[in-house]
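Summary of structural features
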Amino acid sequence: MKKVPNPIDRHVGSRVRMRRMLAGVSQEKLGEGLGLTFQQIQKYEKGSNRISASRLQQIAKMLDVPVSFFFEGAPTGDMPTGGFSDAASSAYVPDFMGSSEGVQLTKAFVRIKDSKVRRRIIDLVEALAEEGGENA
């Protein structure tokens, strides 16, 4: 029987991956700095191995973020309090942000200085998403 990772461990791991990729740090380089193998970093990022508090503090220091960064948006186990919510759609955000496409899109998007252009890109993506949903 395969052990399923705890949702919070998966979330923290995905946030480590997202920040590592945004910082342009490889799994090998992060592992080197921590005295670990890249395979151990992979296990942390997948949530299959838990990250101890002291190790998480080391990772936060290496990736230049506060420890609290890794818990932002973490699942609480609470059920939504009524009707439909954005919880289902936002559940994919950490997975997307940890992907190479998410990192590429984010890096390119933040380089756009004109807020009107950024807004038009958001409108375009939302329109494409709605159009894609209609064709499904």
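Residues numbered from 1 in each chain as written. Predicted model: local features only at pLDDT ≥ 70, side-chain atom pairs only at ≥ 80, totals over all residues. Heavy atoms only, no water.

Some details on the pattern of salt bridges
Note that side chains of opposite charge can pair when their charged atoms are close. All told, the structure shown has six salt bridges when counted by the stated rule. Two residues, arginine 17 and glutamate 45, come together in a salt bridge whose shortest N-O distance is 3.7 Å. Of this pair, arginine 17 sits in helix α1 (residues 7–22) while glutamate 45 is found in helix α3 (residues 38–46), placing the two residues 28 residues apart along the sequence. Taking relative accessible area as the criterion, glutamate 45 reaches 7% and is therefore assigned buried. For aspartate 123, the salt bridge is made with arginine 119, and the minimal N-O distance between the two is 2.9 Å. Residue aspartate 123 and its partner arginine 119 are both found in helix α8 (residues 115–134); the two are separated by four residues, about one turn of the helix. With relative accessibility at 38%, the residue aspartate 123 sits in the partly exposed group. A relative accessible area of 40% means that arginine 119 is categorised as partly exposed. (Salt bridge = Lys/Arg side-chain N within 4 Å of Asp/Glu carboxyl O. Helix = DSSP H or I, 4+ residues; strand = E, 2+ residues; numbered from the N terminus. Buried < 20%, exposed > 50% of the residue type's maximum accessible area, 1.4 Å probe, protein only.)

A short note on the packing of helix α2 (residues 27–34) against helix α4 (residues 53–63)
Relative to each other, α2 and α4 sit at 120 degrees, their axes nearing to 10 Å. It follows from the interaxial angle that α2 and α4 lie oblique. Of the two possible hands of crossing, α2 and α4 adopt the one that is right-handed. The residues of α4 that touch α2, namely those facing Lys29, Leu30, Gly33 and Leu34, are Arg55, Gln58, Ile59, Met62 and Leu63. Considering only residue class, the contact of α2 with α4 consists of five nonpolar, two polar and two charged. (Axes fitted to C-alpha atoms, helices over the stretch in contact; angles between N-to-C directions. Parallel < 35°, antiparallel > 145°, perpendicular 65-115°, else oblique. Left-handed = near helix turned anticlockwise from the far one by under 90°. Contact = heavy atoms within 4.5 Å. Nonpolar A, V, L, I, M, F, W, Y, C, P; charged D, E, K, R; others polar.)

A word on α3
Think of an α-helix as turning once every 3.6 residues; residues three or four places apart then point the same way. Here α3 has its buried residues at Gln40, Ile41, Tyr44 and Glu45. Viewed along the axis of α3, the buried residues span an arc of 140 degrees, placing them on a single side of the element. Contact partners of the buried residues in α3: α1, α2 and α4. Directly after α3, the chain includes glycine 47, whose backbone phi takes a positive value near 85 degrees. (Arc of directions from axis to C-beta.)

Some points on the packing of α1 against α4
Where α1 meets α4, the axes come as close as 10 Å, and the angle between the chain directions of the two elements is 20 degrees. Comparing the axis directions of α1 and α4 gives the class roughly parallel. Here the hand of the crossing between α1 and α4 comes out left-handed. Judged by residue contacts, Val12, Val16, Arg19 and Arg20 of α1 engage Leu56, Ile59 and Leu63 from α4. Classifying every residue of the contact of α1 with α4 gives five nonpolar, no polar and two charged.

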